[in-house]
Amino acid sequence: MSGQIHVNILGICVTRDIFKSLTDQEKYVVDRYVQSANPLSCVLESPLNTDEIPDIVYENKTNFYKRCIELDIKKHVFDFMGEVKPDYLVIDAGSMRKPLFFAGNNKKKCATLIFDNTAQQLFEQGAIPSYTKGDIWDFDNEEISGLLDIYINKIKEICAEENIILIESYDVPYSIDLNSQNVGCFDEKRISMENDRIKYGYNYLRSKLTKCHVIEFPKGVVGDKNHTWGEAPLHYVPEYYEYGAKAVEIITSGYWELSEERNVLDILKQQYEKLFMEKYSDCIYHQLVKTEKELGVFKRYRIYENYFKQLLLLDGKNLIYNWVANCNIQHVSFYGLSEISKLFVTWFKEWNVTIDYIVEESAKKEYEGITLIKRSKNIFPETDAMIITDLNKEPVQKKLIRLEYAGFVTDYEKLLKDNIF
């Protein structure tokens, strides 16, 4: 067929599924598609100490996944993608969320953990000497930037930047059964951790690929409980793929200059945000009035209940006061405006300790006269102690390390554990 548009895709299934929703299926030809390869893995060395991947790694895998595993582990992703020069190269940052494994503790020898048991199988077959599991946060900001710069240069060898399409996509918190209208929730901690990694990759790619086409993620997207590939935070309702397909058609028409194209795409995004709001928001809201108590809120308050019991049984107020006095703590900050930090605010004010700020994503600028700094900020002033009062402590700890926050950091649990004796 003349006038066909040839496309290569390096990304997650969301991106590939957009092309199944195009109005003119025969017009678009996907010549190369590699899924789930973490961008950092793509530009690092292979962890293998043998030439071949043991057969057990491929057991019960489709030919497509066998190829994706092999290309990633042997570091042939760009060779494969470059075999056919496309009219457009379509990428996303979804695979930044994928875990990694390293040969021993050598971060330079790395692969994507596409399946949980892959590293263990390679180790048992002697294909790697040992392994350590990790993710992108095992690298510091400078290392990640350097690796992503290599990744960007590699994809620009395959396709001119002006013909690259970057698709933004994230885990969504809710899914819906389109038949029964039943609503479900995904794990909050998983979504937060994965979106943190995806957003970092997307923002970096977008900042560097200034001439590429961008399909932004609309507000209000929800998951589909009856999705072809199963229920998951990145498996959306059909309207999202319809939106993505229309955006692809706008871009590949070549009708608009880039600046005007972005205006057209923004109008399209607003139209679908309105559609998602009108079709799904009321249903989700009414369902979650009940289920929110049974899920997120219930879980949070169980954690609060257990912690407050510990404070009571261990004379927590006195323990924390002794720590403040012994360490001469005069200025503190809290990461997270939670029930715990609200209690601590009362105590620390009583002890005449200055609370410089609280990190929280809020439209308000203050809480009880204390400055609120948004979580999205990358610089936090140092205090005598920053106390993490967010229930999801681990992602916050990793974020502060990544941001090279130099001040003393502890968390609400460590305050008790470290000062019992």
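The structure contained in this document is the topic of the report that follows. (Residues numbered from 1 in each chain as written. Predicted model: local features only at pLDDT ≥ 70, side-chain atom pairs only at ≥ 80, totals over all residues. Heavy atoms only, no water.)

**Focus: unusual backbone geometry**
Of note, Asn-60 is a non-glycine position whose phi angle comes to about 60 degrees, a positive value. One can find Asn-60 in the loop between helix H2 (39-42) and helix H3 (63-73). Judged by its relative accessible area of 81%, Asn-60 is exposed. Within the chain, Glu-368 stands out as a residue other than glycine whose phi angle is a positive 50 degrees. Relative to the helices and strands, Glu-368 resides in the loop between strand E14 (366-367) and strand E15 (370-373). (Helix = DSSP H or I, 4+ residues; strand = E, 2+ residues; numbered from the N terminus. Buried < 20%, exposed > 50% of the residue type's maximum accessible area, 1.4 Å probe, protein only.)

**Structural notes on the side chain of Asn-38**
Considering the arrangement of structural elements, one finds Asn-38 in the loop between strand E2 (28-35) and H2. Among the polar contacts listed, one links the side chain of Asn-38 to the backbone nitrogen of Leu-40, at a separation of 3.0 Å. Residues in contact with Asn-38, not counting those within four places in the same chain, are Asp-72, Ser-95, Met-96, Lys-98, Leu-100, Thr-112 and Ile-136. (Polar contact = N/O pair within 3.5 Å; in protein donor to acceptor, adjacent residues only side chain to side chain. Contact = heavy atoms within 4.5 Å.)

**Topic: the environment of Gly-407**
With respect to the helices and strands, the residue Gly-407 is situated in the loop between helix H13 (393-402) and strand E17 (409-411). Taking the C-alpha atoms as reference points, Gly-407 and Asp-384, separated by 23 residues in sequence, lie 7.0 Å from one another.

**Considerations on H13**
Of all the positions in H13, only Lys-393, Pro-395, Val-396, Lys-399, Leu-400 and Arg-402 are classed as buried. For H13, the elements touching its buried residues are helix H6 (141-158), helix H7 (188-208), strand E12 (331-335), strand E16 (385-388), E17 and helix H14 (412-417). Following H13 by one or two positions, Glu-404 has its phi on the positive side, about 60 degrees.

**Regarding the sheet that holds strand E10 (residues 213-215)**
Strands belonging to one sheet form pairs held by backbone hydrogen bonds; the direction of such a pair is parallel or antiparallel. Taken together, the five strands give an open sheet; going across it, the order is E2-E1-E3-E7-E10, and neighbouring strands pair in parallel fashion. Either end of the sheet is taken by a strand with one partner, and the two such strands are E2 and E10. Along the sheet, successive strands turn relative to each other by an average axial angle of 20 degrees, direction set aside. Across four bridges, the pairing between strand E3 (residues 88-92) and strand E7 (residues 164-167) is parallel. Bridge assignment links Leu-89 to a residue of E7, and that residue is Ile-164. Along the sheet face, H7 touches E3, E7 and E10 and points at about 150 degrees away from the line of E7. (Pairing = 2+ DSSP bridges. Axes fitted to C-alpha atoms, helices over the stretch in contact; angles between N-to-C directions.)

**Digging into the sheet that holds E15**
Spatially, six strands are ordered E14-E15-E13-E12-E16-E17 in an open sheet, and the strand pairing comes out mixed. A strand with exactly one partner marks an edge of an open sheet, and here the two such strands are E14 and E17. Sheet analysis places E12 next to strand E13 (residues 354-359), joined by five bridges and oriented parallel. Looking across to E13, one finds that Ser-333 is bridged to Tyr-357. Where H13 meets the sheet, its contacts fall on E12, E16 and E17, and the angle it forms with E16 comes to roughly 145 degrees.

**With respect to the environment of Gly-223**
Tracing the sequence through the fold places Gly-223 in strand E11 (residues 223-224). Those residues in contact with Gly-223 that lie beyond four places of it in its chain are Val-172, Tyr-174, Ser-175, Ile-176, His-235, Tyr-236 and Val-237.

**Remarks on the environment of Phe-123**
In this fold, Phe-123 is placed in helix H5 (residues 118-124). Since its relative accessible area comes to 36%, Phe-123 is described here as partly exposed. Linking Phe-123 and Leu-48, residues 75 residues apart in sequence, is a C-alpha distance of 9.6 Å. What Phe-123 contacts, discounting residues up to four positions off in sequence, is Ile-128, Pro-129, Ser-130 and Tyr-131.

**Regarding the packing of helix H11 (residues 316-326) against helix H12 (residues 339-350)**
With their axes 11 Å apart at the nearest point, H11 and H12 run at an angle of 55 degrees to one another. On the basis of the axis angle, H11 is oblique to H12. When the axes of H11 and H12 are compared, the crossing they make is right-handed. Residues Gly-316, Lys-317, Ile-320, Trp-323 and Val-324 of H11 touch H12, and the partners they reach there are Phe-344, Trp-347, Phe-348 and Glu-350. Of the residues in the contact of H11 with H12, the class split is six nonpolar, one polar and two charged. (Parallel < 35°, antiparallel > 145°, perpendicular 65-115°, else oblique. Left-handed = near helix turned anticlockwise from the far one by under 90°. Nonpolar A, V, L, I, M, F, W, Y, C, P; charged D, E, K, R; others polar.)

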